[in-house]
Amino acid sequence: GESVGLHLPTLSVQEGDNSIINCAYSNSASDYFIWYKQESGKGPQFIIDIRSNMDKRQGQRVTVLLNKTVKHLSLQIAATQPGDSAVYFCAENIVDTGRRALTFGSGTRLQVQP
Amino acid sequence: NAGVTQTPKFQVLKTGQSMTLQCAQDMNHEYMSWYRQDPGMGLRLIHYSVGAGITDQGEVPNGYNVSRSTTEDFPLRLLSAAPSQTSVYFCATNKMDKETQYFGPGTRLLVL
């Protein structure tokens, strides 16, 4: 059974549409951000990351946008596929502390309708 | 190369019982961490280690002990389980000079 995300915000999109998942982070000193995808019964899987000296980074079908002014991070998924259905987490860290442990947001569930 | 492995996959305990959750990695990563994940919440850091012989507390360390005798292994111990420790536990690793963490498949723990 699913122990994650019983009360998560949910984004429902049609297959082939673009998806945008948003995240507000709390620590203005954070300088590294990462998006993870978590499928049911599995551990989080790395998608894409970005450092605070950038405001945009692109990967394969995914783009992360960072707005440090309002402490906002977004993940854009192009041409969303059924396999993209999962819970998506943003996470933040302060690199200079040397601490590699991440602070996670509460997650967003993405449901892709065929 | 198995990456990060965790055992057991699922465990049921009675209140007051003790157990050890195992985490092993074969990527020679210096950093290892334990997180717990509760419904509707993100992952919260329990303990972490920057190398063999070195551990430190995270956000929610109470009720858990860790040790790091080797680079490969980072066990998490519950000395006296409580229902509040019912959760899914994830182990994660990363290289010292990289922030990207790699997660294991998780251990689902139910404390009755």
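Each remark here, short or long, concerns the structure printed above.
Residues numbered from 1 in each chain as written. Chains lettered and ligands numbered in written order. Predicted model: local features only at pLDDT ≥ 70, side-chain atom pairs only at ≥ 80, totals over all residues. Heavy atoms only, no water.

Observations concerning the sheet that holds strand β6 (residues 62-67) of chain A
In a beta sheet, neighbouring strands are held together by backbone hydrogen bonds and run either parallel or antiparallel to one another.
Residue and element names in this part refer to chain A.
Move 1: Ordered by their spatial adjacency, four strands build an open sheet running β2-β7-β6-β5, and the pairing between neighbours is antiparallel. Both edges of this open sheet fall to β2 (19-24) and β5 (56-58), since each of them pairs with a single strand only. Adjacent strand axes in the sheet meet at a mean angle of 15° when their direction is disregarded.
Move 2: With three bridges connecting them, β5 and β6 associate as antiparallel partners. Across the sheet, the residue bridging to Gln58 is Thr63, located in β6. (Pairing = 2+ DSSP bridges. Helix = DSSP H or I, 4+ residues; strand = E, 2+ residues; numbered from the N terminus. Axes fitted to C-alpha atoms, helices over the stretch in contact; angles between N-to-C directions.)

Re the packing of aromatic side chains
Move 1: All chains considered together, the criterion is met by eight aromatic pairs over all chains.
Move 2: Relative to Phe103 of chain B, the ring of Tyr36 of chain A lies with its centre 5.2 Å away and its plane at 90°, an arrangement referred to as edge-to-face. Of the two residues, Tyr36 of chain A sits in strand β3 (residues 32-38) while Phe103 of chain B sits in strand β10 (residues 102-103), which places them in two different chains. Across this residue pair, the class does not change: Tyr36 of chain A and Phe103 of chain B are buried.
Move 3: For the cation-ring pair, Arg68 of chain B lies above Phe74 of chain B, with the distance from its terminal atom to the ring centre recorded as 6.0 Å. (Phe/Tyr/Trp six-rings, centres within 6.5 Å; stacked < 30°, edge-to-face > 60°. Buried < 20%, exposed > 50% of the residue type's maximum accessible area, 1.4 Å probe, protein only. Lys NZ or Arg CZ within 6 Å of the ring centre and 35° of its normal.)

These values are about where atoms sit, not about what they do.
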